[in-house]
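One-letter residues, chain by chain:
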Protein chains: 2
Amino acid sequence: MISGNRMHLDSILSYASAGCLLSLHHSEKPEHEEVCEFRPYTCPCPGASCKWQGSLEAVMPHLMHAHKSITTLQGEDIVFLATDINLPGAVDWVMMQSCFGHHFMLVLEKQEKYEGHQQFFAIVLLIGTRKQAENFAYRLELNGNRRRLTWEATPRSIHDGVAAAIMNSDCLVFDTSIAHLFADNGNLGINVTISMC
Amino acid sequence: MISGNRMHLDSILSYASAGCLLSLHHSEKPEHEEVCEFRPYTCPCPGASCKWQGSLEAVMPHLMHAHKSITTLQGEDIVFLATDINLPGAVDWVMMQSCFGHHFMLVLEKQEKYEGHQQFFAIVLLIGTRKQAENFAYRLELNGNRRRLTWEATPRSIHDGVAAAIMNSDCLVFDTSIAHLFADNGNLGINVTISMC
């Protein structure tokens, strides 16, 4: 009984100091921690090389301080220009878009999810909570040569990150043939429009 | 010289009786025959099991006679409902759409272009020439769960067929995860809109 109790006590510790008041059995702990709003935010930059963690309010200052090279564009309707899409291997393109008083991170990732089949994954993240993200919609559009490919969805919170969305193809997915159809001289322009809903 | 001449003569024979007046060196023959407007039309049904060939005017009568099971819907804006998308292996779904005084063939094909990675390819073909096809545009749309995936392009002529378009991903391409995001009980509705341009 005592050791059971100890495990129970252990299981509420993770984000309790951050404000989480829940008390769960240890078996429910991993599942809850995944969605706990008090779980610290990690650096949203793809690639996972930056180990920073902190509060939501600290994310933008962190990006501006530690990832100065990320371009920011203002406005609801911008062009995310990915240069040199033919670069070999796994590559990430990242930029920020500011509108409606919020900051959005645009990510284009090239990777080989299936061996021998390189694909591109494009997605918009809100620097905000999942609840805040539900107030917005985004549209990604590839245009050219009498063709258009469009993906519309709800932005993901940076709290959820991009990995699961890419795993489930819950984003704009296209292969290198499509990229070449729309690219101009190795550069791919993606029209990004964010709206409130 | 004589044998060279004979080869030249041979090279104009293929579709000359159908009306092609071109005379080309034999080395140019395969390339021209691929695009020759006098090349007979083959049955546009995917799968290549039907060996029928004939003139453009004979295609619709052939489809109505030999492929009676293909559904036809009237109108510019219809829903192409693909049932049982989870059926294993390579599967084709086909239907006809009639509007603007023309017949269009809608094809959804599931195949494993890359080993271990099943994908869906959706495309609209015009029962007509490539030149006629350029007067139209089509839109394919998957809708649901606060997400929308849209592909807009020029219909392909059945003279060109679907194989090359699928090879180059020059159509709506999505994987089984995306299909499940939009499917309802194993059935996938694709909104198809055809317009003149």
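Residues numbered from 1 in each chain as written. Chains lettered and ligands numbered in written order. Predicted model: local features only at pLDDT ≥ 70, side-chain atom pairs only at ≥ 80, totals over all residues. Heavy atoms only, no water.

For chain A, an unreviewed UniProt entry supplies the name E3 ubiquitin-protein ligase and the organism Labeo rohita. Entered under Pathway (unreviewed entry) in the UniProt record, the comment concerning chain A runs "Protein modification; protein ubiquitination." Under the UniProt heading Sequence similarities (unreviewed entry), the note attached to chain A is "Belongs to the SINA (Seven in absentia) family." (UniProt positions renumbered as here; feature names shortened; annotations may be inferred.)

(A) Spotlight on the state of the cysteines. All names here are of chain A. Considering all chains together, one arrives at zero disulfides over all chains under this definition. No disulfide involves Cys45; its sulfur sits 3.7 Å from that of Cys43, the nearest cysteine. Cys99 supplies the cysteine sulfur nearest to Cys197, a cysteine that is in no disulfide, at a spacing of 12 Å. Residue classification places Cys197 among the exposed positions, given a relative accessible area of 60%. (Disulfide = S-S within 2.5 Å. Buried < 20%, exposed > 50% of the residue type's maximum accessible area, 1.4 Å probe, protein only.)

(B) Quick look at the environment of Met105(B). Residue and element names in this part refer to chain B. Among the secondary structure elements, Met105 is positioned in strand β6 (residues 102-114). Taking the C-alpha atoms as reference points, Met105 and Thr83, 22 residues apart in sequence, are found 17 Å from one another. Ignoring any residue separated from it by four or fewer positions in sequence, one finds Met105 in contact with Pro44, Cys45, Leu63, Ile70, Val94, Met95, Met96, Ile123, Val124, Leu125 and Ile127. (Helix = DSSP H or I, 4+ residues; strand = E, 2+ residues; numbered from the N terminus. Contact = heavy atoms within 4.5 Å.)

(C) Spotlight on the relation of the copies chain A and chain B. Aligned on chain B, chain A shows an RMSD of 0.0 Å; the corresponding rotation is 180° and the shift along the axis is 0.0 Å. Given the turn and translation reported, the copies of this chain are related as if by a two-fold rotation axis. The C-alpha atom lying nearest the rotation axis in chain A is that of Thr150(A); the distance is 2.5 Å. Here 100% of the contact residues of chain A are again contact residues in chain B; the copies associate through an equivalent surface. (Least-squares fit on C-alpha atoms with pLDDT ≥ 70 in both.)

(D) Seen up close, the pairing of strand β12 (residues 188-196) of chain B. Residue and element names in this part refer to chain B. As judged from the six bridges shared by strand β4 (residues 77-82) and β12, these two strands associate in the antiparallel manner. The partner of Phe80 across the bridge, within β12, is Ile190. As paired elements, strand β8 (residues 136-144) and β12 share six bridges and run antiparallel to each other. From the neighbouring strand, Glu141 faces β12, where its bridge partner is Asn191. (Pairing = 2+ DSSP bridges.)

(E) Up close: the side chain of Thr193(B). Residues and elements named next belong to chain B. Mapped onto the fold, Thr193 is located in strand β12. In this structure the side chain of Thr193 is engaged in a polar contact, spanning 3.2 Å, whose partner is the side chain of Asp77. When neighbours within four sequence positions are excluded, Thr193 is seen to be in contact with Glu76, Asp77, Ala137, Tyr138 and Arg139. (Polar contact = N/O pair within 3.5 Å; in protein donor to acceptor, adjacent residues only side chain to side chain.)

(F) Seen up close, the pairing of β6(B). All names here are of chain B. When strand β5 (residues 91-99) meets β6, the two strands line up antiparallel, connected through nine bridges. Directly across from Met95, in β6, lies its bridge partner Leu106. Counted along the chain from β5 to the antiparallel partner β6, the turn is two residues long, and its residue Phe100 has a positive phi close to 55°. Across nine bridges, β6 lies against strand β7 (residues 117-126) in antiparallel orientation.

(G) Representation of the sheet that holds strand β9 (residues 147-153) of chain B within the structure. Across the sheet, eight strands lie side by side as β4(A)-β12(A)-β8(A)-β9(A)-β9(B)-β8(B)-β12(B)-β4(B); this open sheet has antiparallel pairing. If you trace the sheet from one side to the other, it starts and ends with β4 (77-82) of chain A together with β4 of chain B, each paired once. For this sheet, the mean angle separating the axes of adjacent strands, direction not counted, is 20°. (Axes fitted to C-alpha atoms, helices over the stretch in contact; angles between N-to-C directions.)

(H) Structural detail: the interface of chain A and chain B. At the junction of the two partners, chain A supplies 27 residues and chain B supplies 27 residues. For the pair chain A and chain B, the summed buried surface comes to about 2200 Å²; carbon and sulfur atoms form 44% of the total. Our count for the chain A to chain B interface comes out at four salt bridges. Its salt-bridge partner being Arg148(A), residue Glu152(B) comes within 2.8 Å of it at the nearest N-O pair. Secondary structure elements with two or more residues in the side of chain A that touches chain B: β6 (102-114), β7 (117-126), β9 (147-153) and α6 (176-182) of chain A. In terms of residue count, β9(A) provides more of the side of chain A that touches chain B than any other element does, seven residues in total. (Buried area = accessible area lost by both parts, 1.4 Å probe. Salt bridge = Lys/Arg side-chain N within 4 Å of Asp/Glu carboxyl O.)

(I) Fine view of helix α3 (residues 59-66) of chain A. All names here are of chain A. Looking at α3, one finds that the buried residues are Val59, Met60, His62 and Leu63. Buried positions in α3, seen along its axis, are confined to an arc of 160° and lie on one side of it. Relative to its buried face, α3 has exposed residues pointing more than 90 degrees away, namely Met64 and His65. Buried positions along α3 lie against β1 (41-42), β5 (91-99) and β6. (Arc of directions from axis to C-beta.)

(J) Up close: the packing of aromatic side chains. This model, assessed by the stated rule, comprises ten aromatic pairs over all chains. Ring geometry for Phe120(A) versus Phe174(A): centroids 5.3 Å apart, planes at 10°, classification stacked. Remark: Phe174(A) occurs in strand β11 (residues 172-175) and Phe120(A) occurs in strand β7; sequence separation between them is 54 residues. We note that Phe120(A), like Phe174(A), is buried. Measuring from ring centre to ring centre gives 6.4 Å for Trp151(A) and Phe182(B), while their planes differ by 85°; the resulting arrangement is edge-to-face. With Trp151(A) in strand β9 and Phe182(B) in helix α6 (residues 176-182), this residue pair bridges two chains. Per residue, the accessibility class of Trp151(A) equals that of Phe182(B), and both read buried. A network of ring pairs unites the aromatic residues Trp93(A), Phe120(A) and Phe174(A) as a single cluster. (Phe/Tyr/Trp six-rings, centres within 6.5 Å; stacked < 30°, edge-to-face > 60°.)

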